[in-house]
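Results of the structural survey
Spelled out from the first residue to the last, the chains are:
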Amino acid sequence: MKEQNPILQVKDLTVSFNAFAGKVQAVRGVNFDLNKGETLCIVGESGSGKSVTNKAIMGILSKNAVIERGEILYDGMDLTKLTEKQFCQIRGKRIAMVFQDPLSALNPIMKVGKQITETLRIHQNLSHEEARKSAIELMGAVGIPEPEKRFNQYPFQFSGGMRQRIVIVIALACNPEILICDEPTTALDVTIQSKILDLIKTLKKQRDLSVIFITHNMGVVANMADRICVMYAGKIVEFGTSDDIFYHPAHPYTWALLSAMPDSESRERLFSIPGAPPNMLMPPKGDAFAPRNLYALDIDFKEEPPFFRLSDTHYAATWLLHPYAPKVEMPQELRKRIERMIEEDKKYEQQ
Amino acid sequence: MRTFEHAAPEYSSLQKEDFKLHERDDAIHDAKFETKSVGFFKDAMLRFGKNTASIIAFIIICIIAFFSILGPMMNEYGYNDQDLNRANLPARIPGCEKINLLNGSTVLKNRRKDNLTDTEKYPEGCILEITNESVVNGVKMCDVRIDTYIYSGYGDDYFWFGTDYLGRDLWTRVWRGCRISLIIAFAAVLTNVGFGVIYGSIAGYYGGMVDMVMMRIAEIIQAFPNIVVMTLFIMYFGNGLFAIIMALVVRDWVGTATLIRAQFYRFKDSEYVLAARTLGTKDRTLIFRHILPNAIGPIVTRTMIAIPSAIFAESFLAYIGLGIRAPEASLGVLLSHAQTVLLQYPYQTVFPAALISVLMISFNLFGNGLRDAFDPTQRGT
Amino acid sequence: MARYVLQRLLAMLLTLFIIVTVAFLVIRLMPTSIYDDPTISAEVLDMIQAKYHLDRPLIEQYGIFMKNVLFKGDWGISMKIQPNVPVFQVLGGKVPLTLFINVVSLLASIPIGLIFGAIAAIRKNTLTDHGISLFVILFISIPSFIYATLLQYFAGYKFGWFPITYTVSDVAAVKYLSLFLPTLSLALDPMAKVARYMRAELIESLNSEYILLARTKGFTRPKAIFRHAIRNSCIPVLNIIVPMFANVLGGSLVVENIFAIPGMGSLMIKSINANDHYLTIAILLIYSLVSLMTVLIVDLLYAVIDPRVRMGGKKQ
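Residues numbered from 1 in each chain as written. Chains lettered and ligands numbered in written order. Predicted model: local features only at pLDDT ≥ 70, side-chain atom pairs only at ≥ 80, totals over all residues. Heavy atoms only, no water.

So, about the overall build of chain B. Looking only at helices and strands, one finds twelve helices and three strands in chain B. When the 381 residues of chain B are sorted by exposure, 47% land in the buried category. A fraction of 72% describes how many contacts in chain B between residues 6 or more apart in sequence connect residues 24 or more apart. Surface accessibility of chain B: about 19700 Å² in total, with carbon and sulfur atoms responsible for 60%. (Helix = DSSP H or I, 4+ residues; strand = E, 2+ residues; numbered from the N terminus. Buried < 20%, exposed > 50% of the residue type's maximum accessible area, 1.4 Å probe, protein only. Contact = heavy atoms within 4.5 Å. Areas by Shrake-Rupley, 256 points an atom, 1.4 Å probe, with all protein chains shown as cover.)

So this is what it looks like as C-alpha cells:
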C-alpha cells in the first residue's frame, strides 16, 4: 500500500449536519486513500455516512452540512478549501459521479443529448457540432443502440438501464480521472445490474479510471472491488484488499455483513443484524457497533477501538484483536461459507 | 491513521479485566418504538399547534364569529331602523374623542367665518377646529371641523361605526352582514363538499361506465365560466339566501368531486381494500370505513380554503347587483353601497373593508396551517 | 397534434351550443318580461311581441333564434340598452377595453410572480423569503375590490397621481393612464398566486437529483438552477395559470364597476337589470367563448413547453 501512489487522500474527514433536532454527526474521522487505477468499494448500511463522504469529495454537500475537520487531498489541492469557482473546474472534468437513481438524476424535460453536451461545452469549449459528435460516439461506446436517434430523445423515452448508461456517459464525457459511483445499480432490475457493473468495469480498464464504488450489497462488492472499506456509523471499521475482507474478515460487523449476504448454497435462513444503527445525534461512547455486537467486550462500551494491523494491507478497528482479548472465532456458519467461496474461486481460476 | 501500535501510549491504561465478553441481560433485538402511537388527528393537531400564525388566525376567526353572533345586540339600534335625519353620520366611539376617524367629526370646507357664531346653523359646542383661514373677495373663509352628532342634533348618540344613507346603524349592520356572509360561505362550502364527496365517491368507487358518464357531466358543468353560471342561477332563482348559497355551489362542487374521485382511484385497488373485499365487506363499509378516511386531510384542507373564496364570491355577486335582498345586507352589499359614496364618506368603506380583509387573511392562514398539519409533504404549496 | 386541436375545437363548439341553449331558456323563462313598462298600451305590446315572436311557445322561439344564429349569423338586437342595434355592435366597443385590462394585468403579473417566487425559493427561510411570503398572503387574501377601493381613494383622490375613474380621451396616454389603477388592482392576486406556487415548485426542483447532477457536471449553483430548475418549475405553475385565464373576463367585473370603465362588466349588469335578453345572451356567449379559447391556447402552450405531454406521455 505504501508503494502505490494515491491519487486521492481523505484524511480525518468529519462532516456534520445542522438538523432541526441538533447536530447530526454523519462522518466521524474517515481516512482512506484511492490509488491510481483501482476500484475502492465503500460498504455499509444506510446512514453509515458513505454517501456523505462522497458528496464531500464532490463538493456537493447540502447547505446545512459542515466539514468540521479533515482534508481531501487531490492533485496537491485540499478539496475542502476550494472556492465554488475553483471546484467547478474539477467537477465533471476530473472527478465525476454516477448517481443511484437514473430516473431522478436526469432532467425530465431536457433532451438527453443536450444534457450530455452541456458538460463538454463547459469544460472543453467544443462547438455544438463537435460536442454532438463526441457525445454520440460515447453513447455508442457504452452500448446505447442507435445513438444518433437517441440523442434527440427525452429521458422518459428510455428504460432504466439505458438511462443509467446516459448518466455514465455524462460522467465520462470529459475523461475524468476519478469516477464516484453512488450505488449505481440499486434502482435497477437485477438483470440490468450485472450489465451496468460489467460496463463500469470495462470502461475503467479502457480509460484507466480510479473508481470509488459505494454500495450496501456485498455481492456487488465481490464483483467490483480491488480494495474495500467497511463503514459503520460514520467511521471506517475495517479496510483491506478484496481478499482480506472476504477471506479473512476480522471485524464482527464485517462478519455480520458477510453472513447477511445471500448465496446459492446456503439452505438456512439468511442472517440479519439485530438492532438498529445508532442515533447519530448522540453517537454512543466507545465502539458504536457494540450494542448490536454478539461478541462485544466490556471495553467496547468504554473505549473506542483503534485500528489493529493484520497485514500491510489489512486493518480492523476492534478490541478483539488486542492481546488481552479472549480468542473469538468468526461464526461457524460464516467459516464454512468462506471456505466454499475459496474453493469456487480456485475452480474458476483453473478453468 | 491511528493504529494500535502508533497509538499505544494513549491506551496504556487499559485494564485486562475489561477484555471479557460483555454479559447481556437479554438478547439483542430491534429497538422498540418508545413513543406512544399517536392517532392521525392528534398528530395533525400537534403539528397545527406549532404553527403560531395559524393559531392567531384561528383566535381572530373566533373573535369575529363571536361579534357576528352578539355584535348586533350590543347597542339599542336595529339593523333596519331608518331615520333620514341622522343619515351618513361618521363613526363615534366613546373615549376616542382625540382620534378624528372615530370621534364623529367631519370637515366642512369653505365656510363663511362670520356664520360660525350663529347657533342656528352651528349648535353650541359642535365646532372643534378651524383651519385654512383665508379672505376671498373681502369675506373671511375657513374650513371647520365639526362634531357631526351635535351639528345634526344627535349629541347623545354614539354610532360606533357611523350610519349609512338611510341613517341605519353601521355597527349593527356590519356585524349582521358579517354573520350573513359567514352563513352563506359555510353553508355553500359544506354543501359543496358534501355533494362533491358523494358524487366523487360513487364515480371513483364504481368506475367504468358510471364513472365515464358522471365525469363527462361534471366536465360540461365545469366548462361554463363561473361568472356565467352564477349570474344565470341568480337571475332564475332570485337573490334569496338559499339561491345565493346554491349559486356558489352549482359549479364549485365539481372540483371537490374530482379530488375525491382521484383519492378513490388511488386506494380502491390497494392490497388492504382487496383484502377487505375478499372478506365479504359491503360496498358501503368499504367506501366509508376503508377508503374515504384517507381523503380526510384533503377534504378538511379544501373546506377551509374554500371558505374565503366563497366569501369573496358572495361579495363579488353583491357588487354586480346580485347580492342578498334588502334590507338584509352582507359584507359585500355594505361594501358595494359604501363604494358609491367612497369619496364623501370614506368611513363607510373602512369598517367593512377592514373586517373582510382580516377575515380573509385569517381564513387563509388557518387553512394553510391545517394543510401543513394534515399533509406535511405539501408544505408551502 | 392537429387531430387533438380539432377534437378540442369540436368539444368547444358543443359546450358553447349548450351554454347558449341554457342561457336562452333560463333568460326567457324568467318571471319578468322584457316590456313591463305600464305606460305601453296592450295593443302596442302585442304588436311588439308579435314582431319579435315573443308570443309563440318557448320552443318555437328557441327554434327561430337558433335558425337565425346558424343560417344568418343574426344574434338578435338589443331591446333596451341601445334599441334596435344588433347585439354584437353594442358589444363591439366594450370587449376590447375589458380584454385589455384583464390580459395586461395577467401577462404582467405572471413574470413578476415567477421572479418573486424564484427569489423566495432560492433564499428560502431568509428575511427576503419571509417578506415575500407576507406580501403573498396579503395579496391572495384581500379581495381585488378592496385594493381597487384603496388605490382609488389614495392614489387617485388623496394624492391625485392617477385619474379616479376611466377617462375617455383621444390621447392614448391619458386613456391608458386612467386604466393603470384598475389593471394594478387586478394584477396583485394572480401575481401572489404565481409567486406562491413557483416558490413551492422551485424548492422541490432545487432538492432534486438532477440539480446535483448538473452541479457534478461543473455548473455553479446559480447556473445549475437557471439552466435546469427554473424551466422545470414553470411547467407545474401552468396548472394554476390555466384557471386564471378561464376567468379572464369575470375577474374584472367589480373593478370595472368601481372605476366606471364602460366594459363588458357594466354592460352585463345593465343588461341583466334591464331585461335586455338577447344582449345578455350575447354577453354570456362572449364570456364563455373567451374563457374556452384561452384555456385551449394555454393547454396547447403546455404541450409546447413540456415534451412529456407533446410526446403523448402523461401530464405530471
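Two numbers describe a pair of packed helices, the interaxial angle and the distance between the axes. All names here are of chain C. Viewed as axis vectors pointing N to C, helix α7 (residues 144–158) and helix α9 (residues 180–206) meet at an angle of 145°, and their least axial separation amounts to 9 Å. The way α7 lies across α9 gives a crossing that is right-handed. In contact with Ser144, Tyr147, Ala148, Leu151, Ala155 and Gly156 of α7, α9 contributes Leu181, Leu184, Ser185 and Leu188. Tallied by class, residues from the contact of α7 with α9 come to seven nonpolar, three polar and no charged. (Axes fitted to C-alpha atoms, helices over the stretch in contact; angles between N-to-C directions. Left-handed = near helix turned anticlockwise from the far one by under 90°. Nonpolar A, V, L, I, M, F, W, Y, C, P; charged D, E, K, R; others polar.)

Turning our eyes to something else, we now look at the domain arrangement of chain C. The domains assigned to chain C are domain 1 (17–90) and domain 2 (95–262). Taking only C-alpha atoms, the centre of domain 1 of chain C and the centre of domain 2 of chain C are 41 Å apart. (Domains from an automatic or database assignment.)

Let us look at the pattern of salt bridges. Residues and elements named next belong to chain A. Considering all chains together, one arrives at 20 salt bridges over all chains under this definition. Between Glu183 and Lys50 there is a salt bridge, and its shortest N-O distance comes to 3.3 Å. Within this pair, whereas Glu183 is found in the loop between β7 (178–182) and α8 (190–207), its partner Lys50 is found in helix α1 (residues 50–58), the two being separated by 133 residues in sequence. Each of the two residues, Glu183 as well as Lys50, counts as buried. (Salt bridge = Lys/Arg side-chain N within 4 Å of Asp/Glu carboxyl O.)

All names here are of chain A. Taken in spatial order, the eight strands line up as β6-β7-β8-β3-β9-β10-β12-β11 in an open sheet, and their pairing is mixed. Bordering the open sheet on either side are β6 (95–98) and β11 (308–309), each of which pairs with just one other strand. Looking at chain direction, strand β9 (residues 227–232) and strand β10 (residues 235–241) are connected through six bridges and run antiparallel. The residue bridging Cys229 from the neighbouring strand is Phe239, located in β10. (Pairing = 2+ DSSP bridges.)

Residues and elements named next belong to chain A. Reading across the sheet, the four strands line up as β2-β1-β4-β5 and stay open at both edges, with antiparallel pairing between neighbours. On the outer flanks of this sheet lie β2 (22–35) and β5 (77–78), each paired with one strand and no other. The strands that α1 touches are β1 (6–19), β2 and β4 (65–74); relative to β1, the one it contacts most, it runs at about 110°.

A few words now on the packing of aromatic side chains. What describes a pair of aromatic rings is the distance from one ring centre to the other and the angle between the planes of the rings. For the coordinates displayed, the defined rule picks out 29 aromatic pairs over all chains. Aromatic pair B:Phe66 and B:Phe67: ring centres 5.6 Å apart, planes at 85°, arrangement edge-to-face. For B:Phe66, a relative accessible area of 42% gives the class partly exposed. Judged by its relative accessible area of 23%, B:Phe67 falls in the partly exposed class. Ring centres of B:Tyr205 and B:Phe264 lie 6.4 Å apart, and the angle between their planes is 85°; this geometry places the pair in the edge-to-face category. Pair noted here: B:Tyr205 is in helix α4 (residues 170–206) and B:Phe264 is in helix α7 (residues 241–267), with a separation of 59 residues, a long-range link. Take B:Tyr205 and B:Phe264: they sit in the same class, and that class is buried. Above the plane of the ring of A:Phe151 lies A:Arg132, whose end atom (NZ or CZ) is 5.2 Å from the centre. Cation over ring: B:Arg261 sits above B:Tyr265, and NZ or CZ is 4.8 Å from the ring centre. (Phe/Tyr/Trp six-rings, centres within 6.5 Å; stacked < 30°, edge-to-face > 60°. Lys NZ or Arg CZ within 6 Å of the ring centre and 35° of its normal.)

Now for the pairing of β4(A). Residue and element names in this part refer to chain A. For β1 and β4, the ladder comprises eight bridges, and the chain directions are antiparallel. Directly across from Leu8, in β4, lies its bridge partner Tyr74. One ladder, built from two bridges, connects β4 with β5; its direction is antiparallel. If you follow Leu73 over to β5, its bridge partner there is Asp78.

Every contact between the two is made by 31 residues of chain B and, on the other side, 41 residues of chain C. Taken over both partners, the interface formed by chain B and chain C buries close to 3400 Å², and the fraction arising from carbon and sulfur atoms is 79%. It is B:Met235, B:Tyr319 and B:Leu343 that lose the most area in chain B upon contact with chain C, and together they represent 18% of the buried surface on that side. At the boundary of chain B with chain C, the tally comes to zero salt bridges. (Buried area = accessible area lost by both parts, 1.4 Å probe.)

In this complex, chain C contributes 22 residues to the contact, which on the side of chain A involves 31 residues. Between chain C and chain A the total buried area reaches about 2400 Å² when both faces are included, carbon and sulfur atoms providing 61% of it. Broken down residue by residue, the surface that chain C buries against chain A is led by C:Leu213, C:Thr216 and C:Lys217, which jointly contribute 26%. Run the count over chain C and chain A and you get three salt bridges. The residue C:Lys217 makes a salt bridge to A:Glu118 at a minimum N-O spacing of 2.8 Å.

Within the largest apolar cluster, 148 residues are counted, with the highest numbers of intra-cluster contacts made by B:Ile311, C:Phe65 and C:Tyr287. Considering every element that reaches this core, the biggest residue donor is α4(B), with 16 residues. Residues contacting C:Phe65, with those up to four places away along its chain left out, are C:Val20, C:Phe24, C:Trp75, C:Tyr278 and C:Ile281. Counting 114 residues, the second largest nonpolar core, distinct from the first, contains A:Phe151, A:Met224, A:Phe289 and A:Ala325. (Core = buried A, V, L, I, M, F, W, Y, C linked by side-chain atoms within 4.5 Å.)

Let us now look at α7(B). With 27 residues, α7(B) extends 38 Å between its outermost C-alpha atoms, agreeing within 8% with the 39 Å of an ideal straight helix rising 1.5 Å per residue. Largest kink in α7(B): about 45°, centred on B:Arg251. (Expected span 1.5 Å × (residues − 1). Bend = angle between axes of the 7 residues up to and from the residue.)

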